[in-house]
Amino acid sequence: MFLAADNVVKGVMISLVFASVVTWTIWLAKTLQLAAARFRASRGLRLLSETPTMAGALVALAGRSGTVADMVLATQQEFELSDPAIDHAGGEGLKMRVGSALARTEARAGRRMARGTGVLATIGSTAPFVGLFGTVWGIMNSFIGISQAQTTNLAIVAPGIAEALLATAIGLVAAIPAVIIYNVFARSVTGYRHLLADASAEIERIVSRDLDFRNLADPGRAKLASAGE
């Protein structure tokens with residue numbers, strides 16, 4: 001049926017097969033990427049929950065990759081930049097800056113993980129219409145063939161209509177998996193971002209704990225911070 005189809009219908013079929021290949025390629029690549037990212041995030045969150053201080057978190061995540069490790073490094077960098085001002089201004093400003101840095105790191109990781117899934121949404125929404133266009137074009141050619149042959153014999157009409165309907169079938173074959181895979185990835189990315197949010201909250205608790213112990217180590221500093229507030 002493909003070889004006997006009109007050139008336009010052939011082009012539609014080829015484009016839909018290519019879209020289907022793209023869908024499954026994205027599925028494989030994003031599945032591996034998400035699995036690795038979720039594993040690193042879960043491991044980082046577990047390590048954070050086992051250490052009470054930022055120094056311990058740095059040691060636990062030293063040499064490890066992943067967004068949680070990036071969050072810890074960004075927090076430590078903010079600690080170092082803010083250290084001279086903590087004794088005079090207190091720790092509230094540091095907490096706000098750390099929260100902002102963690103939020104941006106989490107957002108960047110979420111965007112990076114969602115990259116490519118928009119293609120699936122596009123394929124899922126447009127492939128049925130592309131297939132329908134091929135079907136309409138093929139049926140038009142069939143009617144033209146009927147008028148030229150001046151007969152309504154089913155043996156003459158049926159092959160052209162079957163070729164046209166094949167385009168719609170391929171369009172559905174391309175669109176249905178794309179929609180399903182897109183929805184699965186959307187839920188997976190949301191779950192991944194929840195893991196990062198848990199890690200961010202854990203880091204903020206560690207920062208707050210470090211500041212409290214810093215004030216306990218120097219009662220004069222604690223009084224100064226209270227007076228500043």
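Predicted, not measured: the structure shown is a model, and the values here were computed from it.

Chemist: What should I look at first to understand the pattern of salt bridges in this one?
Modeler: Should the charged atoms of two oppositely charged side chains come close, the side chains can pair. Within this structure, the stated rule accounts for 3 salt bridges. We note a salt bridge from arginine 46 to glutamate 50, for which the minimum N-O separation is 3.7 Å. With a shortest N-O distance of 2.6 Å, glutamate 202 and arginine 205 are connected by a salt bridge. Taken together, the residues span about one helical turn, with glutamate 202 and arginine 205 both in helix α6 (residues 154–217) at a distance of 3 residues. The exposure class of arginine 205 is partly exposed, given its relative accessible area of 43%.

Chemist: What is the right way to look at the confidence of the model for the protein chain in this model?
Modeler: Model confidence for the protein chain is summarised by a mean pLDDT of 83, while 84% of its residues fall at 70 or above. Ranking the elements of the protein chain by mean pLDDT puts helix α7 (residues 219–228) last with 47 and helix α1 (residues 7–49) first with 90. Scored below 50 in pLDDT, residues 221–229 makes 8 contacts in the model with residues more than four places away or belonging to other chains.

Chemist: Would you mind going over empty space enclosed by the protein with me for this structure?
Modeler: A probe as big as a water molecule, rolled over the atoms, marks out the empty space that is left. As enumerated under the stated definition, the model contains 1 cavity of 30 Å³ or more in all. Of the volumes computed, that of the largest cavity is approximately 30 Å³. Lining of the largest cavity is provided by Arg40, Arg43, Gly44, Leu61, Arg64, Ser65, Val68 and Ala69. When contributions to the lining of the largest cavity are tallied by element, the ones reaching two or more residues are α1 and α3 (67–89). Broken down by element, the residue count for the lining of the largest cavity peaks at 3 residues, all from α1. Per-class residue counts for the lining of the largest cavity are 3 nonpolar, 2 polar and 3 charged.

The rules behind the values
Residues numbered from 1 in each chain as written. Predicted model: local features only at pLDDT ≥ 70, side-chain atom pairs only at ≥ 80, totals over all residues. Heavy atoms only, no water. Salt bridge = Lys/Arg side-chain N within 4 Å of Asp/Glu carboxyl O. Helix = DSSP H or I, 4+ residues; strand = E, 2+ residues; numbered from the N terminus. Buried < 20%, exposed > 50% of the residue type's maximum accessible area, 1.4 Å probe, protein only. pLDDT = per-residue confidence, 0-100. Contact = heavy atoms within 4.5 Å. 1 Å grid on protein atoms, 1.4 Å probe; cavity = no way out; pocket = protein on both sides within 12 Å on 5 of 7 lines; lining within 4 Å. Points joined across faces, edges and corners; volume = space filled by probe spheres on them. Nonpolar A, V, L, I, M, F, W, Y, C, P; charged D, E, K, R; others polar.

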